[in-house]
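An overview of the molecular structure
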Amino acid sequence: WSSDVCSSDLDVFKRALRLAPVNAEIQNNLGAVLGGLIRHEEAIEHLRTALSLRPDYAEAHNNLGNELRWTYRYDEACIRYRQAIALKPDFAEAYCNLGGVLMVLHQCQEALECYRKALEIQPDFPAAHSDMIFTLDYLSGSDACVGIGFRDRKSTRLISSHTDISRMPSCA
């Protein structure tokens, strides 16, 4: 999902939900749109509903992990990302998301392995490239990226938008 979600997207999915309230895909998509609108608790509710309807829905586990991460429930987010990966072992985005949460939880080496796995699956994945560079830089003790936002040449997004560096003491 893009960060360019708007209220018209929300209206579309709410109408669809009225027509098919027990549809896991609609619940998941509505949850993703609500998350994009920074309505995380509502998003979590819809994503949990999607998973109650379809427990094997890897994308919904990943999306729920994202919303749990934004609400600082990192341990729960890890569980959801790991479940997404178990259901869909080639889910590069879930590996990258798990890596971001593991960094916050000070599990830097495991985070690095997640980024490597994401890149093994999808070599042209900009977020995994930039987050891996950030992690390697962080592990080397450099403070070049702390507080200023680190950019990868292949990506236009700030790495700190994915990894909450304000909550990371030394991993070494």
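Above this text is the structure in question.
This text gives an overview of the structure that appears in the document. (Residues numbered from 1 in each chain as written. Predicted model: local features only at pLDDT ≥ 70, side-chain atom pairs only at ≥ 80, totals over all residues. Heavy atoms only, no water.)

**Structural notes on the pattern of salt bridges**
- One pass over the structure, following the stated rule, counts nine salt bridges.
- Here Glu-25 makes a salt bridge to Arg-54, at a shortest N to O gap of 2.4 Å. With Glu-25 in helix 2 (residues 24-36) and Arg-54 in the loop between helix 3 (40-53) and helix 4 (58-70), this pair connects stretches of sequence that are 29 residues apart.
- Residue Arg-54 is classed as partly exposed on the basis of its relative accessible area of 30%.
- Put simply, Asp-56 and Arg-54 hold a salt bridge, and the shortest N to O gap is 3.5 Å.
- With a relative accessible area of 48%, Asp-56 lands in the partly exposed category. (Salt bridge = Lys/Arg side-chain N within 4 Å of Asp/Glu carboxyl O. Helix = DSSP H or I, 4+ residues; strand = E, 2+ residues; numbered from the N terminus. Buried < 20%, exposed > 50% of the residue type's maximum accessible area, 1.4 Å probe, protein only.)

**Some words on the environment of Lys-88**
- Relative to the helices and strands, Lys-88 is located in the loop between helix 5 (74-87) and helix 6 (92-104).
- The sequence separation of Lys-88 and Asp-56 amounts to 32 residues, and the corresponding C-alpha distance is 9.3 Å.
- Each residue touching Lys-88, except ones within four places of it in the same chain, is listed here: Ala-58 and Glu-59.
- In this structure the side chain of Lys-88 is engaged in a polar contact, spanning 2.8 Å, whose partner is the side chain of Glu-59. (Contact = heavy atoms within 4.5 Å. Polar contact = N/O pair within 3.5 Å; in protein donor to acceptor, adjacent residues only side chain to side chain.)

Any functional reading would require information that these geometric values do not contain.
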